[in-house]
Amino acid sequence: MTCFDRRDVGLLLLRLGAGGVLAAHGAQKLFGWFGGGGLEGTGQWMESVGYRPGKRSALASGLVEAGGGTLLALGLGTPAAGAAVAGGMAGATAVHAPQGFFAQAGGYEYPASLGLTAASLAVTGPGRLSLDSLLGHAFNRDWMVPAAFAVTAAGTALVVGARAKRLRQQTEGEQEALFEE
């Protein structure tokens, strides 16, 4: 039997912290817990920022955050969970990017940080204090990391690209005033 080292404890703390935050955010979207809008309210908001249909977008986002966050916290299916969360946070980053980087101005700092944390856990692995380790890494094989990121990148590109196209079409034909009156 081997002793757990600082790396295992550090990965456990990182997984529990990031996974817990993500699971709570997902619960806001899915169930309206913790002051969230639930599927109805979140769906309306998703619609307003260009993710359509809004309710399905809210469901997908909520499942990625709640499910991916829970799996990361448990250290189960870490490559898929981390990649899925990273993709979801890329979608959130796209919404916040026009406000710049810092969260205090509505920027993308927070979703980018969560996405990078999830991606890092997917690449690094969950450590020995995890269900993946307990199960002999059946859901954490080396080949799963690039596969999970490839599938997630393709899906994220389609969803975020469709949103960008809708937003462009909404502003098409609009022209700013050339001169102030």
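Structure's up top.
This report concerns the structure included in the present document. (Residues numbered from 1 in each chain as written. Predicted model: local features only at pLDDT ≥ 70, side-chain atom pairs only at ≥ 80, totals over all residues. Heavy atoms only, no water.)

### What to know about the pattern of salt bridges
We count it as follows: Between Lys or Arg on one side and Asp or Glu on the other, a salt bridge is scored when a side-chain nitrogen of the former is within 4 Å of a carboxyl oxygen of the latter. Starting at the N terminus, helices and strands are each numbered in turn, a helix being any DSSP run of H or I of at least four residues and a strand any DSSP run of E of at least two.
Counted according to the given criterion, the structure contains five salt bridges. Note that Asp 5 and Arg 128 form a salt bridge whose closest N and O atoms lie 3.6 Å from each other. Of this pair, Asp 5 sits in the segment before α1 (6–31) while Arg 128 sits in the loop between α5 (109–124) and α6 (131–134), and the two are 123 residues apart along the sequence. For Asp 8, the salt bridge is made with Arg 128, and the minimal N-O distance between the two is 2.7 Å.

### Remarks on helix α2 (residues 38–48)
To be explicit about the condition: Burial status follows relative accessibility: with a 1.4 Å probe on protein chains alone, a residue under 20% of its type maximum counts as buried, one over 50% as exposed, and anything between as partly exposed. As used here, the arc is the angular range of directions from the helix axis to the C-beta atoms. Any two residues whose heavy atoms approach within 4.5 Å are treated as being in contact.
If you check which residues of α2 are buried, you get Gly 38, Thr 42, Gly 43 and Met 46. The buried residues of α2 occupy an angular sector of 135° when projected down its axis, which confines them to one face. When the buried face of α2 is taken as reference, the exposed residues oriented beyond 90 degrees from it are Gln 44 and Ser 48. Each element contacted by the buried residues of α2 is listed here: α1 and α3 (54–74). Just past α2, the residue Gly 50 takes up positive phi, approximately 100°.

### Section: the packing of α2 against α3
In plain terms, the rule: Simply put, an axis is a line fit to the C-alpha atoms, just over the touching stretch for a helix, and the angle between two N-to-C directions goes from 0 to 180 degrees. Oblique is the label for any angle not under 35 degrees, not over 145, and not in the 65 to 115 range, which are roughly parallel, roughly antiparallel and roughly perpendicular in turn. Should the near helix be turned counterclockwise from the far one by less than a right angle, the crossing is left-handed, whereas a clockwise turn marks it as right-handed. For this scheme, ten residues count as nonpolar: Ala, Val, Leu, Ile, Met, Phe, Trp, Tyr, Cys and Pro. Four count as charged, namely Asp, Glu, Lys and Arg, and the remainder, Gly too, count as polar.
Two numbers describe how α2 lies on α3: the axes approach to 7 Å, and their chain directions differ by 110°. Between α2 and α3, the interaxial angle falls into the category roughly perpendicular. As for the relative orientation of α2 and α3, their crossing is right-handed in sense. In this structure, α2 contributes Leu 39, Glu 40, Thr 42, Gly 43, Met 46 and Glu 47 to the contact, and α3 contributes Gly 54, Lys 55, Ser 57, Ala 58, Leu 59 and Ser 61. Per-class residue counts for the contact of α2 with α3 are four nonpolar, five polar and three charged.

### So, the nonpolar core
Basically, it comes down to this: Throughout this description, the term nonpolar core refers to a set of buried Ala, Val, Leu, Ile, Met, Phe, Trp, Tyr and Cys residues connected via side-chain atoms within 4.5 Å.
Counting residues in hydrophobic clusters, the biggest one holds nine residues: Leu 11, Leu 22, Leu 72, Ala 81, Val 85, Met 89, Leu 114, Ala 118 and Leu 121. Taken together, the elements giving at least two residues each to this core come down to α1, α4 (78–96) and α5. Residues within four places of Leu 114 in sequence aside, it is in contact with Val 21, Leu 22 and Met 89. Counting residues in hydrophobic clusters, the runner-up holds five residues, among them Met 46, Val 49, Tyr 51 and Val 95.

### Some thoughts on a nonpolar patch on the surface
Rule in force here: Nonpolar side chains (Val, Leu, Ile, Met, Phe, Trp, Tyr) within 5 Å and like charges within 9 Å form the patches, drawn only from residues with over 30% relative accessible area and no salt bridge. Accessible surface area values rest on a Shrake-Rupley calculation with a 1.4 Å probe, where residue burial reflects the displayed protein chains alone.
Together, Phe 4, Val 9 and Leu 13 make up an exposed nonpolar region whose accessible area comes to about 300 Å². Note that Val 9 resides in helix α1. Val 9 sits in the partly exposed class, given a relative accessible area of 39%.

### Section: the packing of aromatic side chains
As a reminder of what qualifies: Within 6.5 Å between ring centres, the rings of Phe, Tyr and Trp (the latter by its six-membered ring) count as paired, and their orientation is classed by plane angle as stacked under 30 degrees, edge-to-face over 60, tilted in between. For a Lys NZ or an Arg CZ to count as sitting over a ring, it must be within 6 Å of the ring centre and within 35 degrees of the ring normal.
With the rule as written, the count across this model stands at four aromatic pairs. Centre to centre, the rings of Phe 101 and Phe 102 are 5.0 Å apart; their planes meet at 80°, and the pair counts as edge-to-face. Judged by centre distance (5.3 Å) and plane angle (85°), the rings of Phe 101 and Tyr 108 are edge-to-face. The class for Tyr 108 is partly exposed, based on a relative accessible area of 28%. Aromatic ring contacts, followed pair by pair, group Phe 31, Trp 33 and Phe 34 into a single cluster. The aromatic ring of Tyr 51 is capped on one face by Arg 163, whose charged end is 5.3 Å from the ring centroid.

### Some details on the environment of Val 49
Within the fold, Val 49 resides in the loop between α2 and α3. Judged by its relative accessible area of 15%, Val 49 falls in the buried class. The spacing of Val 49 and Arg 166 is 117 residues in sequence and 9.9 Å in space, taken between C-alpha atoms. Once residues lying within four places of it in the same chain are set aside, the contact partners of Val 49 are Val 95, Arg 163 and Leu 167.

### Some details on unusual backbone geometry
Looking along the chain, the bond that leaves Arg 52 and enters Pro 53 is cis, with omega of -10°. Tracing the backbone through its elements, the reader meets Pro 53 in the loop between α2 and α3. Positive phi is not limited to glycine here, since Phe 34 has a value of about 55°. By the secondary structure assignment, Phe 34 is in the loop between α1 and α2. Look at His 137: it is not a glycine, yet its phi comes out positive at around 60°. By the element assignment, His 137 lies in the loop between α6 and α7 (144–171). Note on His 137: relative accessible area 27%, which makes it partly exposed.

In short, the description is geometric, and any link to function would need to be established separately.
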